[in-house]
Amino acid sequence: MIPSKNHIGQSHRRKNAFRHLAGRGRFVTDLALPRMVHAAFVRSPMAKGNIVELDVSEAAAASGVVRVFTAETLNHTCVPWTGTLDHFAGMQSGAQNMLASNEVLWVGHPVVMILAHSRAEAEDACELVMLDIEDEDAVVDGDAALVKGTPLAAEGINSNMCFQTVLETPDLDDAFTRSAHVVEGKFTFGRHTAVTLEPRAIIADFDPSTGQLDVHHGTQTPYQFQDVYARHFGLSEGRVRVIAPDIGGSFGMKLHVYHEEMAAVAASLMLGRPVRFVADRLESFVSDIHARDHRVTARMALDAEGGILAMDVDDMTQIGAFSSYPRTSVAEGNQVIRLMGAPYQMPDYRGRLSVVFQNKVQTSQYRAVGHPIACAVTEALVDRAAELLDLDPFEIRRRNLLADDAYPHISATGYQFEKLSHQASLEKLHQMIGYEALRAEQIALRKQGIYRGIGIAPFVEITNPGAAFYGIGGARISAQDGAVIRLTPAGDVHCAISVTEQGQGTETIIAQIVADQLGVTPDQVKVTTGDTDNTPSGGATWACRGAGIGGETALRAGRKLQAQILTLAGEILQADPMHLALASGAVVDKTTGQERITLAEIGRIATYRPDTLPKGSDNSLTAAQHFAPSGYPFDFTNGIQASHVEVDIETGVTRLLKHWVVEDCGRIINPLLVDEQIRGGVVQGLGPAFFEECLYDDMGQMTNASLVDYLVPMAGEMPDIEIAHIETPTLDTILGAKGVGEAGTAAAGAAAMNAVNDALRPLGARISQTPMTPLRILTALGHV
Amino acid sequence: MKTDITLTINGDAVREAVEPRTSLADLLRDNLQLTGTHLGCEMGACGACLVMLDGAPVHACLVLAVQASGHKVETIEGLNERGLIKDLQEKFHDRNALQCGFCTNGMLMSAQALLLDNPTPSRPEIREALSGNYCRCTGYEAIVDAISATAKMRSGQAGEAS
Ligand code: FES
Ligand code: FES
């Protein structure tokens, strides 16, 4: 029960948007500190090789240069890191340190760090470094990497297999034997990368006179980095402060440990002055994590009526030379094999996962980890089954989607669903897109040689994870969040919370939630995020836990403070707190709503005149609360997307006409913000479906590492995106909110691929590789 | 070797000594602390660094500071303080047409330039006009809506854009 529904559920605008609209954002890249020096890195120009000569003397003497570091002079300050988790049995990865010492393992691997008075001078000096690398055969292709006799992609591993697992129900083989139909396919999902508009940025500032390390870091997970810096550099955690101000996009990319950030911290510790590293766009392409890169073979067994009996899936994913730290590069593949078939009543399943090393930059968690792959494969097979059985794509899904009254449900892959709304979502989408009319139009246009397609894709999204994600694997990643709420002496409210803001509107929704608990307006609630010294510790914003976990934390903290205020008011008013409530910035009579005393007056008395309070009363106007989910291991959300496309069969160019989303993220706190989050997510799903791909040549060189060559979706290419909601709140929390940030990305590519294949169907062509570039579509059509 | 340049920035006369290789963006951000102009690619692709040069939007990352000598530059700070884009800012705010805010400077510059040039753009024309602006957070639609609503308001049409 929410006591006041005034603000939760309202489309409040974001207060912090004003700063950005005025050009007053405060990004790490905007910060300049006294004594600050700038870092640039000399990077490996080849994918694999041995460093045979390294001479930095000329660079060290160059103008403006303050210091030059190599592995020899820098690496000893840092405990190396290894990206493995205990619950991934048998997983391996080499230990990593800041600068390459003997071997270079991918194009872009940092070898030398140069600090100078300006970035330009540091870059000039990089040119003067004499680096001689003896070329070795690079492991470029994942399948080839597993062939006996192939060289190892890195030191410290015993094969190029990072991790392998099989997930299987006992009756899988029997299901395929019994089945009336089997559909199958092979799929390739390209490597792409986050391309946050603000590149990675850090200013590490160690003050030797106090022993304090302040790190201004463009990250979504400040507490995680506080822990990482303390442990790896042997500092006490209390002396490490991580400040994450405005962040220019993150999407999971800015929560991994990177060589350059660690090196900036190490250098600041050694020099005792601020060290700034800001990746330029070229560096981003060869050092930010990449994502996806899967090859999947899959088949699906169906009964005579088109009922899905089972799926049998083999996923090979290629992760680069190391598993990333501290979350590992295995989480993505692990999620791929567990999300296959998730929306369906599918009794049996086998998923094999092979995670393979290669000499490329690491892949790791990026928005909607694993979801787009599982969704695209599942939905492509469902569409193939529909085609084989001559069923409408909506009809086959009606027959197979979990019934809305079938919960709780455990999937064949072991996920526990509290309550989802697939069937209702399917029907809502059907109406929303005007399906019959779209089909009629499609048929009519085909006669004129215009090929349009409609594709749909239901999905589930994992949100609100607890310790099951990383904690049980031994990673020090907080599974809980914390909030401290206080009433100021003037009666305003301040909330310091561990969930962070990267533009999703975290601060706004927290203010809305707190406002409702304390009977004030969101404007009266100031929210502080992103500073480990000024907010309580917590997991922060990743895997869609900001609203569901952060929001619940704020709600509970708010209620605690509400109780404290009412108790105090009862003492002041000599009334029973049970008969009092908070509304309109005051304590009111619960039944009549009449104002008894304002919050400002309570603040004044408690702060300036505690002497007037009855003896022994508690005048603290601050409440702290931490919260970790303890019900279901995850709160799954669900939804469905539809894509409408037109394929020019002469050029292979696809035009996106329209995209629709029906989403059920539980209780919606702010519809305005939720919808834009979904739209942004959809575009990040459509990008890799049509444009985005990190291309490599046979030698392991990335050949399109610039924003001119790497295509990011632009306004002109993206469709209008219509959104509808169903609300199925989780009963695990008082708030009932689940996450929403990854839903758009989860199924957009799957819907788009089904739409393109729907357009190509009359021509007997089919595509199963992303991005679906014009050339690949022409190849599918047999034109090239 | 530094060169002296003089230019007008947001209405103020500015005299600075810069290296020939200093970009206009670096001059604004590093020398003058006008950090509203952002750098996302430094090669003219992303649009985060757009400023008005003699009234026309240019990529501050591609213009050398010395080239801007003798010219008039207006940054987001200037447009904001002069109240020139108040309506655009409000529509962006209403529509939540920004998330992280890193692209926002460039979006506002492109929008302002478009509306001066074509006061009643269609949605496809707006999308076309944003063809030099990356946004990685929004789905672009809110930005298109905000610009479209501003156009309608400026051209005196009643009602909100959808
Ligand atoms: S920074 Fe100038 S266009 Fe990207
Ligand atoms: S709001 Fe983040 S890039 Fe546009």
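Residues numbered from 1 in each chain as written. Chains lettered and ligands numbered in written order. Predicted model: local features only at pLDDT ≥ 70, side-chain atom pairs only at ≥ 80, totals over all residues. Heavy atoms only, no water.

### Side note on the overall build of chain A
Here is step 1: Scanning chain A for helices and strands turns up 20 helices and 29 strands.
Here is step 2: Counting only C-alpha atoms and orienting by the principal axes, one finds that chain A spans roughly 85 × 70 × 50 Å.
Here is step 3: Taking the intrachain contacts of chain A between residues at least 6 apart in sequence as the baseline, contacts between residues at least 24 apart amount to 80%.
Here is step 4: One way to put it: in chain A the 63 positive side-chain charges average out to a point 5 Å from where the 93 negative ones average out. (Helix = DSSP H or I, 4+ residues; strand = E, 2+ residues; numbered from the N terminus. Contact = heavy atoms within 4.5 Å. Lys, Arg positive; Asp, Glu negative; His and termini not counted. Charge placed at Lys NZ, Arg CZ, Asp CG, Glu CD.)

### Side note on the overall build of chain B
Here is step 1: Scanning chain B from terminus to terminus reveals 6 helices and 5 strands.
Here is step 2: If you list the helices and strands of chain B from N to C, you get β-β-α-β-β-β-α-α-α-α-α.
Here is step 3: Counting only C-alpha atoms and orienting by the principal axes, one finds that chain B spans roughly 55 × 30 × 20 Å.
Here is step 4: By the burial criterion, 59% of the 162 residues in chain B qualify as buried.
Here is step 5: Counted over contacts in chain B with a minimum sequence separation of 6, partners at least 24 positions apart contribute 54%.
Here is step 6: In the form shown here, chain B has an accessible surface area of approximately 6300 Å², with 50% of it arising from carbon and sulfur atoms.
Here is step 7: The positive charge centre, built from 14 side chains, and the negative charge centre, built from 20, are 3 Å apart in chain B. (Buried < 20%, exposed > 50% of the residue type's maximum accessible area, 1.4 Å probe, protein only. Areas by Shrake-Rupley, 256 points an atom, 1.4 Å probe, with all protein chains shown as cover.)

### Topic: the nonpolar core
Here is step 1: Membership of the largest hydrophobic core comes to 185 residues, with the highest contact counts inside it found for Phe92(B) and Ile147(B).
Here is step 2: Ignoring anything within four residues of it in the chain, the contact list for Phe92(B) reads Leu21(A), Ala97(B), Leu98(B), Met107(B), Leu108(B), Ile143(B), Ala146(B) and Ile147(B).
Here is step 3: The next biggest cluster of nonpolar side chains, apart from the first, holds 43 residues, and it includes Ile509(A), Ile513(A), Ile605(A) and Ala737(A). (Core = buried A, V, L, I, M, F, W, Y, C linked by side-chain atoms within 4.5 Å.)

### Section: the packing of helix 11 (residues 371–389) of chain A against helix 12 (residues 393–400) of chain A
For any two helices packed against each other, one specifies the crossing angle of their axes together with the interaxial distance.
Residue and element names in this part refer to chain A.
Here is step 1: Contact pair helix 11 / helix 12: the axes reach a minimum separation of 9 Å and the direction vectors enclose 110°. One way to sum up the angle between helix 11 and helix 12 is to call them roughly perpendicular. The chirality of how helix 11 crosses helix 12 is right-handed. Of helix 12, the residues touching helix 11 (which contributes Glu379, Val382, Asp383, Ala385 and Ala386) are Pro393, Ile396 and Arg397. (Axes fitted to C-alpha atoms, helices over the stretch in contact; angles between N-to-C directions. Parallel < 35°, antiparallel > 145°, perpendicular 65-115°, else oblique. Left-handed = near helix turned anticlockwise from the far one by under 90°.)

### Concerning helix 8 (residues 259–271) of chain A
Residue and element names in this part refer to chain A.
Here is step 1: Helix length check: helix 8, at 13 residues, gives a terminal C-alpha distance of 18 Å against a target of 18 Å (1.5 Å per residue), a fit within 8%.
Here is step 2: Helix 8 sits mainly inside the fold: 11 of its 13 residues count as buried.
Here is step 3: Considered for burial, the residues of helix 8 that qualify are His259, Glu260, Glu261, Met262, Ala263, Ala264, Val265, Ala266, Ala267, Ser268 and Leu271.
Here is step 4: Immediately beyond the C-terminal end of helix 8, within one or two residues, lies glycine 272, with a positive phi of roughly 65°. (Expected span 1.5 Å × (residues − 1).)

### Some points on the domain arrangement of chain B
Residue and element names in this part refer to chain B.
Here is step 1: Per the domain assignment, the segments making up chain B are domain 1 (3–80) and domain 2 (85–155).
Here is step 2: On a C-alpha basis, the centres of domain 1 and domain 2 stand 22 Å from each other.
Here is step 3: Taken together, the contacts link 20 residues of domain 1 with 14 residues of domain 2.
Here is step 4: In this assembly, domain 1 packs against domain 2 so that about 1300 Å² is buried in total across both faces, 64% of it on carbon and sulfur atoms.
Here is step 5: Between domain 1 and domain 2 we count 0 salt bridges in total.
Here is step 6: Contributing elements (two or more residues each) for the side of domain 1 that touches domain 2: strand 3 (50–53), strand 4 (56–59) and helix 2 (76–81).
Here is step 7: Among the residues making up the side of domain 1 that touches domain 2, the classes are represented as 11 nonpolar, 8 polar and 1 charged. (Domains from an automatic or database assignment. Buried area = accessible area lost by both parts, 1.4 Å probe. Salt bridge = Lys/Arg side-chain N within 4 Å of Asp/Glu carboxyl O. Nonpolar A, V, L, I, M, F, W, Y, C, P; charged D, E, K, R; others polar.)

### Structural notes on the interface of chain B and chain A
Here is step 1: Residue-level contacts link 44 residues of chain B with 53 residues of chain A.
Here is step 2: Contact between chain B and chain A buries roughly 4100 Å² in total, counting both sides, with carbon and sulfur atoms accounting for 55%.
Here is step 3: Along the contact surface separating chain B from chain A lie 8 salt bridges.
Here is step 4: Residues Glu692(A) and Arg136(B) are paired through a salt bridge, measuring 2.7 Å at the closest nitrogen-oxygen approach.
Here is step 5: Inspection of the region where chain B meets chain A yields 26 residue pairs in polar contact (both at pLDDT 80 or more).
Here is step 6: Only helix 2, helix 3 (86–94), helix 4 (104–117), helix 5 (123–129) and helix 6 (141–154) of chain B provide two or more residues apiece to the side of chain B that touches chain A.
Here is step 7: Among the elements that line the side of chain B that touches chain A, the one with the most residues is helix 3 of chain B, at 4 residues. (Polar contact = N/O pair within 3.5 Å; in protein donor to acceptor, adjacent residues only side chain to side chain.)

### Overview of the sheet that holds strand 21 (residues 525–528) of chain A
All names here are of chain A.
Here is step 1: Taken together, the 4 strands give an open sheet; going across it, the order is 21-20-19-25, and neighbouring strands pair in mixed fashion. With partners counted over all chains shown, the strands left at the sheet margins are strand 21 and strand 25 (622–627), one partner each. On average, each strand axis in the sheet is tilted by 15° relative to the strand beside it, whichever way the strands run.
Here is step 2: Pairing of strand 19 (residues 481–487) with strand 20 (residues 493–497), which is carried by 5 bridges, proceeds in the antiparallel orientation. Its bridge partner being in strand 20, valine 484 is matched across the sheet by alanine 496. (Pairing = 2+ DSSP bridges.)

### Some points on the domain arrangement of chain A
Residues and elements named next belong to chain A.
Here is step 1: Domains assigned within chain A are domain 1 (17–24 + 480–627), domain 2 (31–136 + 195–287) and domain 3 (290–466 + 631–780).
Here is step 2: Put simply, the middle of domain 2 and the middle of domain 3, counted by C-alpha atoms, are 35 Å apart.
Here is step 3: Every contact between the two is made by 37 residues of domain 2 and, on the other side, 31 residues of domain 3.
Here is step 4: Buried surface at the junction of domain 2 and domain 3, summed over both partners, amounts to about 2800 Å²; 65% is from carbon and sulfur atoms.
Here is step 5: Area buried by domain 2 at its contact with domain 3 is led by Phe251, His256 and Phe285, which between them contribute 23% of it.

### Brief notes about the packing of aromatic side chains
Aromatic rings considered in pairs are described by the distance between their centres and by the relative angle of their planes.
Residue and element names in this part refer to chain A.
Here is step 1: Scanning the entire structure with this criterion turns up 13 aromatic pairs over all chains.
Here is step 2: The interplanar angle of 50° and the centroid separation of 5.0 Å between the aromatic rings of phenylalanine 285 and tyrosine 710 together place this pair among those described as tilted. Taken together, the residues phenylalanine 285 in helix 9 (residues 281–287) and tyrosine 710 in the loop between helix 18 (671–690) and strand 28 (720–725) connect sequence positions 425 residues apart.
Here is step 3: Here the aromatic cluster, defined as three or more aromatic residues joined through ring pairs, consists of Tyr415, Phe417, Phe634 and Phe636.
Here is step 4: For the cation-ring pair, arginine 200 lies above tyrosine 258, with the distance from its terminal atom to the ring centre recorded as 3.8 Å. (Phe/Tyr/Trp six-rings, centres within 6.5 Å; stacked < 30°, edge-to-face > 60°. Lys NZ or Arg CZ within 6 Å of the ring centre and 35° of its normal.)

### Details of the UniProt feature "domain: Aldehyde oxidase/xanthine dehydrogenase a/b hammerhead" (unreviewed entry) in chain A
Here is step 1: The feature "domain: Aldehyde oxidase/xanthine dehydrogenase a/b hammerhead" (unreviewed entry), as given by UniProt, occupies residues 22–137 of chain A in the numbering adopted here.
Here is step 2: The span residues 22–137 of chain A is 14% helix and 29% strand, and its two end C-alpha atoms sit 52 Å from each other. (UniProt positions renumbered as here; feature names shortened; annotations may be inferred.)

### A look at the pattern of salt bridges
All names here are of chain A.
Here is step 1: Applying the stated criterion across every chain, the model contains 61 salt bridges over all chains.
Here is step 2: Note that arginine 399 and glutamate 395 form a salt bridge whose closest N and O atoms lie 2.9 Å from each other. Of this pair, arginine 399 and glutamate 395 both sit in helix 12, separated by 4 residues, roughly a single helical turn.
Here is step 3: Glutamate 395 gets classed as partly exposed once you look at its relative accessible area, which sits at 24%.
Here is step 4: Beyond isolated ion pairs, a larger network of salt bridges with shared partners links Arg43, Arg119, Glu123, Arg200, Glu260, Glu261, Asp280, Glu283 and Asp288.

### Comments concerning the environment of Asp171(A)
Here is step 1: For Asp171(A), the position within the fold is in the loop between strand 7 (161–168) and helix 6 (172–178).
Here is step 2: Through-space distance from the C-alpha of Asp171(A) to that of Asn670(A) is 45 Å; in sequence the pair is 499 residues apart.

### Details of the packing of helix 3 of chain B against helix 6 of chain B
Residues and elements named next belong to chain B.
Here is step 1: Following both chains from N to C, one finds helix 3 and helix 6 inclined at 140°, their axes separated by 8 Å at the closest point. Taken together, the axes of helix 3 and helix 6 lie oblique to each other. Viewed along their axes, helix 3 and helix 6 form a crossing whose handedness is right-handed. Taken together, the residues of helix 6 that come into contact with helix 3 (itself represented by Asp87, Leu88, Lys91 and Phe92) are Ile143, Ala146, Ile147, Ala149, Thr150, Met153 and Arg154.

### Some remarks on a negative patch on the surface
Residue and element names in this part refer to chain A.
Here is step 1: A cluster of like negative charges, contributed by Glu53, Asp55, Glu58, Asp132, Glu134, Asp135 and Asp137, occupies part of the molecular surface.
Here is step 2: When contributions to the negative patch are tallied by element, the ones reaching two or more residues are strand 2 (49–55) and strand 6 (130–135).
Here is step 3: By residue number, the principal contributor to the negative patch is strand 6, which donates 3 residues.
Here is step 4: Within the element layout of this structure, glutamate 134 appears in strand 6. (Patch = residues over 30% accessible without salt bridge, like charges linked within 9 Å, V, L, I, M, F, W, Y side chains within 5 Å.)

### A short note on the sheet that holds strand 18 (residues 451–463) of chain A
Residue and element names in this part refer to chain A.
Here is step 1: Here 4 strands make up an open sheet; going across it, the order is 18-26-27-28 and the pairing mixed. The strands lining the two open edges of the sheet, one partner per strand, are strand 18 and strand 28. Pairwise comparison of adjacent strand axes, ignoring direction, gives a mean angle of 15° for this sheet.

### Structural notes on the confidence of the model for chain B
Here is step 1: Confidence along chain B averages 95 in pLDDT terms, with 96% of residues attaining 70 or more.
Here is step 2: Both scores are available for the predicted complex, with the pTM at 0.96 and the ipTM at 0.96. (pLDDT = per-residue confidence, 0-100.)

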